[in-house]
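Listed here are the chains, written in short residue letters.
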Amino acid sequence: MSSLDIFTPIFKFLPEVKAPTHRQDFKEKGKWTILVLVLYYILSQIPLYGLSSGAVDQFAQVRAVMAGSFGSILTLGIGPIITASIVLQLLVGAKLLNLDLSTHHDKALFQSTQKVLAILFTLFEALVLVFTGSLSPIDNSYFGVLLLQLVIGAVLILYLDEVVSKWGFGSGIGLFIAAGVAEQIVVGSFNFIPTASGALPGKIPGFIQGLIAGSPDFTMLIPIFALIVVFLVAVYGESMRVEIPISHGQVKGHGRVRGAVGKYPLKFIYASNMPVILTSALLVNVSLIASIFQKVGFPIFGEVQQGKAISGLALWLSTPTGSVIFTNPLRVLFFAIVYLLCCVLFSWLWVEISGLNAREVSKKLYQSGIQIPGFRSSKRQLYKIMKKYIPPLTILGGLFVGLLAFGADLTGALGGGTGVLLTVGIVYRLYEEIAQEQLMEMHPMLRNFLGQ
């Protein structure tokens, strides 16, 4: 029995999106995914009522990761969900919560606890942003109105994510991140609406405008070239695999062919891009906490002005940009080390918690009647082989995505380097899931073979 069981009566009062009781086809999943995406874009255009013009974006540096729209009811984005996930992963990883996520009971407890924590962090972050003045109301009478709108927006995101996870393709978190980054890239590249000075804000229109005027600014194209490079490297990383030869040593269920030989692929980016999402959310919360202590007169984590850290630990844990990269290399080095260590840590935690570790993978392969050619069929032998590959891939994959995200952010790539990296991974996995769904629709027998 887990210590979280005592909260079961509370969990029963939480609204829940029911999973479909029938097998969904491709069209049904596609409709739900598109519907949620349209709702997300609509919600991101609803402004916060009562917000003053002096409001600043506390999450500007990680806006792509937060998947929210500043000044709208989705200002908090997926921040509370990610923060809740970080806390639970650390608690489970440190064995402070004794949960076996391979069982349905403990997995349900984990998900319910994450939902409750996400709602609590929604209240906390909303209070902090309004209390510290980052989202200052036009006057004090709008304090509660702003809080209510922020909470409603974050809770809607929470349940829209659940709808996509159960009824659509991929996850809502991934979908919202990709949608937000895609919008930033399109607007940043092709915005033709002139500013008050007559300049065209989009990189390509702005460059053409300068070219026509006889003074082209080639530095405007650097973010576009950086975007292309990050995109190509990320796609290359996503396509890398370690393929382990396998064969069916047992006949279990329909469609299993004894002796059939194939390959079991292990992705190089084994923990996907979750380490980057979790690391970015963790570091931005340092700035948020610094704002709280500064407001109460104890700036022990540093000072924050206009939503940006200007001193202390909060400054050293914020992404270096602009001239700082060249004038303060020590700060860049410190941030890089912390960022990469966090990526490796969260990569390991994610693999352990999501059931992708060597022990769980070898167990599932053994139960499916799979063995490695040249080795006797046993769970222990499968575990030994998987242990040679999965832990190194977990660490190397975490380092790779961390290095790519960090380096891409330094270049100022359109959509944010981290945002582009995440979007490539999200779209790549979404494509794989859609392709698999289409394949099974065309060849229903594959469902039996894959155990679906």
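What you are looking at is a predicted structure, and each value in this text was computed from that prediction instead of being measured.

Relative to the assigned elements, Q381 resides in helix α15 (residues 379-411). When residues no more than four places from it in sequence are discounted, the contact partners of Q381 are F375 and R376.

Attention shifts here to the layout of surface pockets. A volume near 830 Å³ is recorded for the second largest pocket. A60, Q61, V62, T319 and T321 are the residues nearest the centre of the second largest pocket, which is lined by 38 residues in total. Mapped onto the lining of the second largest pocket, the elements with two or more residues apiece are α3 (63-66), α10 (274-295), β4 (308-309), α11 (312-316), α13 (329-353), α15 and α16 (417-442). If one sorts the elements of the lining of the second largest pocket by residue count, α10 sits on top with 4 residues. Looking at side-chain class alone, the lining of the second largest pocket contains 18 nonpolar, 15 polar and 5 charged residues.

In this structure, T83 sits in helix α4 (residues 79-93). Linking T83 and A55, residues 28 residues apart in sequence, is a C-alpha distance of 23 Å. Excluding its chain neighbours within four sequence positions, the residues that come into contact with T83 are F121, E125 and N285. Side-chain polar atoms of T83 contact the backbone oxygen of G79, separated by 2.8 Å.

This part takes up α15. Here α15 spans 47 Å end to end across 33 residues, near enough to the 48 Å set by a 1.5 Å rise per residue. For α15, the principal kink sits at M386 and spans about 35°. Note on α15: the residue one or two positions beyond its end, G412, has a positive phi of about 75°.

Per the stated rule, a full pass over the model turns up 7 salt bridges. Notably, a salt bridge pairs K166 with E162, separated by 3.1 Å at the nearest N-O pair. Here K166 and its partner E162 are both found in helix α6 (residues 143-167), 4 residues apart, which amounts to about one turn of the helix. Taking the relative accessible area as the measure of exposure, E162 reaches 11% and is therefore buried. Residues joined by salt bridges that share partners form a network here, namely E16, K115, E162 and K166.

Glancing now at the packing of helix α14 (residues 358-367) against α15. Angle between the axes and distance between the axes are the two parameters that describe a pair of packed helices. Where α14 meets α15, the axes come as close as 8 Å, and the angle between the chain directions of the two elements is 135°. One way to sum up the angle between α14 and α15 is to call them oblique. Our pair here, α14 against α15, has a crossing hand that is right-handed. Here α14 contributes A358, R359, V361, S362, K363, L365 and Y366 to the contact with α15, which in turn contributes K379, L382, Y383, M386, K387 and I390.

Here is what the cut-offs are and how they apply
- Residues numbered from 1 in each chain as written.
- Predicted model: local features only at pLDDT ≥ 70, side-chain atom pairs only at ≥ 80, totals over all residues.
- Heavy atoms only, no water.
- Helix = DSSP H or I, 4+ residues; strand = E, 2+ residues; numbered from the N terminus.
- Contact = heavy atoms within 4.5 Å.
- 1 Å grid on protein atoms, 1.4 Å probe; cavity = no way out; pocket = protein on both sides within 12 Å on 5 of 7 lines; lining within 4 Å.
- Points joined across faces, edges and corners; volume = space filled by probe spheres on them.
- Nonpolar A, V, L, I, M, F, W, Y, C, P; charged D, E, K, R; others polar.
- Polar contact = N/O pair within 3.5 Å; in protein donor to acceptor, adjacent residues only side chain to side chain.
- Expected span 1.5 Å × (residues − 1).
- Bend = angle between axes of the 7 residues up to and from the residue.
- Salt bridge = Lys/Arg side-chain N within 4 Å of Asp/Glu carboxyl O.
- Buried < 20%, exposed > 50% of the residue type's maximum accessible area, 1.4 Å probe, protein only.
- Axes fitted to C-alpha atoms, helices over the stretch in contact; angles between N-to-C directions.
- Parallel < 35°, antiparallel > 145°, perpendicular 65-115°, else oblique.
- Left-handed = near helix turned anticlockwise from the far one by under 90°.

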